[in-house]
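Structural description and commentary
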Amino acid sequence: MGTQESDEQARGTGRRAVLGAAVLGAGGAVLGLPGTASADARHGGGGVRSLPVPTIIGHRGASGYRPEHTFGAYELALDMGAHVVEAGDLVPTKDGHIVCRHEPEIGGTTDVADHPEFASRKTTKVLDGVSTTGWFTEDFTLAELKTLRAIERIPANRPHNTLYNGRWEIPTFEEVLRWQDEQTRKRGKQVWIYPETKHPTYFRKLGLGLEERVAKLLRKYGKDRKNSPVILQSFEPTSIQRLNRLVGNPLAVLLSGPTTRPWDFVEAGDPRTVADLVKPEGLKWIASYAGGIGPTLDLIIPRDANGNLTKPTTLVKDAHAAGLILHPWTLRNENPFLPANFRKGTDADAYGDVFGAYKTYFATGIDGVFTDQPDTGLLAREDFVNG
């Protein structure tokens, strides 16, 4: 971790101002009151302040309907009206390119197992302390990865998505940046993306540092500024601190369960847990180099032993007091992913009362949410905003 230099703090404050204005400008919407959109959105302002509140973010695209992190999923999210598309989770190739996969292990998201020429690449590695067996992006060149095709990651929950197995290849981050410009021109409005650096400490040890490669591409395409339509996120605070020194983009720290520790903390011997980071002191520390947080929804409203929602925590209020916005993750329509009191039946791929869940979470004052089904999220948002 360590203390930021004064000039870095100044630039971080600038980014906080950009993201923080979304909180201050959102009016009643941030406070959980319907009927008020961002002031900057109403007056045509730029940057993060132009995003509607609550913001609907297509999680890995419209991954409830298409295999995740494909141009099919990304474009469908835009067609549905998502305000931002999470394109993508960034991992490196053996030859230093950046591609979009949920994890570096690609056995569950590509057809690599069907390629006999790559059978010998299957291996077991320790990824952030977890023994993982499969095929890993860092063992393939980009040209080799381009021979693979994406498949549905959770077919038991989304059997309909398997219809599209094999249709799309693995996109590179550079292709995503070009696609963003093309879609912006085609649709006549700015397309926003929300990429994440995945396992940055793990990859830095392999000589495949993510942040410098990501920053280089952002600079190449002129998307490295505070008002650029690219929000960067990571579960490792030091990755966000590193990006804070390299680019001017809005930044967000992702937060998992309260008892977990970011892997960079584990490596550095930092004893703090997520429970420490969501306290006012921890949030103030995050706000010294980032403008937002992406907490798991359970940090907003915990669940009891039976999986039912309990009472909201003070995280929304505390984060807003620190000048941070909150984009929690992830709302999905299917029963297994919903709080128990919003499930309907027991089928793994059946939809529950997700509209009730959205209403409950929006009422806490969150600034947006990641969702696998952006169309559902937008309808729920419309219900909430219109009272």
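Shown above is the structure to which this text applies.
Below, the structure is looked at part by part.

Cut-offs and rules
Residues numbered from 1 in each chain as written. Predicted model: local features only at pLDDT ≥ 70, side-chain atom pairs only at ≥ 80, totals over all residues. Heavy atoms only, no water. Pairing = 2+ DSSP bridges. Helix = DSSP H or I, 4+ residues; strand = E, 2+ residues; numbered from the N terminus. Contact = heavy atoms within 4.5 Å. Axes fitted to C-alpha atoms, helices over the stretch in contact; angles between N-to-C directions. Core = buried A, V, L, I, M, F, W, Y, C linked by side-chain atoms within 4.5 Å. Buried < 20%, exposed > 50% of the residue type's maximum accessible area, 1.4 Å probe, protein only. Left-handed = near helix turned anticlockwise from the far one by under 90°. Nonpolar A, V, L, I, M, F, W, Y, C, P; charged D, E, K, R; others polar. Parallel < 35°, antiparallel > 145°, perpendicular 65-115°, else oblique.

Spatially, the seven strands line up as an open sheet ordered 4-3-7-8-9-10-11, and their pairing is mixed. Each edge of the sheet is formed by a strand with only one pairing partner; in this case those strands are strand 4 (98-100) and strand 11 (325-326). Sheet analysis places strand 8 (residues 232-234) next to strand 9 (residues 251-255), joined by three bridges and oriented parallel. Each residue of the ladder has a partner; that of Ser234, found in strand 9, is Val253. Sheet strands in contact with helix 7 (residues 210-220) are strand 3 (89-92), strand 4, strand 7 (196-197) and strand 8, and its direction is about 110 degrees off that of strand 3. Helix 8 (residues 237-246) rests against strand 7, strand 8 and strand 9 of the sheet, and its axis sits at about 175 degrees to strand 9.

This part is about the nonpolar core. Residues Phe173, Ile286 and Ile293 are the most contacted members of the largest nonpolar core, which totals 82 residues. Discounting residues that sit within four places of it in the chain, Ile293 has contacts with Ala252, Val253, Leu255, Leu283, Ile286, Leu315, Ala319, Leu324, Ile325, Leu326 and His327. Formed by nine residues, the second largest nonpolar core is a distinct cluster that contains Val48, Tyr194, Ile231 and Ala252.

What follows deals with the packing of helix 7 against helix 8. Contact geometry of helix 7 with helix 8 gives a least axis separation of 10 Å together with a crossing angle of 35 degrees. Where helix 7 crosses over helix 8, the handedness of that crossing is right-handed. When helix 7 is examined against helix 8, the residues Glu211, Glu212, Ala215 and Arg219 are found in contact with a partner set consisting of Ser239, Arg242, Leu243 and Leu246. Tallied by class, residues from the contact of helix 7 with helix 8 come to three nonpolar, one polar and four charged.

Attention shifts here to the packing of helix 14 (residues 354-362) against helix 15 (residues 374-385). Interaxial distance between helix 14 and helix 15 falls to 9 Å at its minimum, and their mutual angle equals 55 degrees. With respect to helix 15, the element helix 14 is oriented oblique. Here helix 14 runs over helix 15; the crossing is right-handed. Judged by residue contacts, Val354, Phe355, Tyr358 and Phe362 of helix 14 engage Thr376, Gly377, Leu379, Ala380, Arg381, Asp383 and Phe384 from helix 15. Grouping the amino acids of the contact of helix 14 with helix 15 by side-chain chemistry returns seven nonpolar, two polar and two charged.

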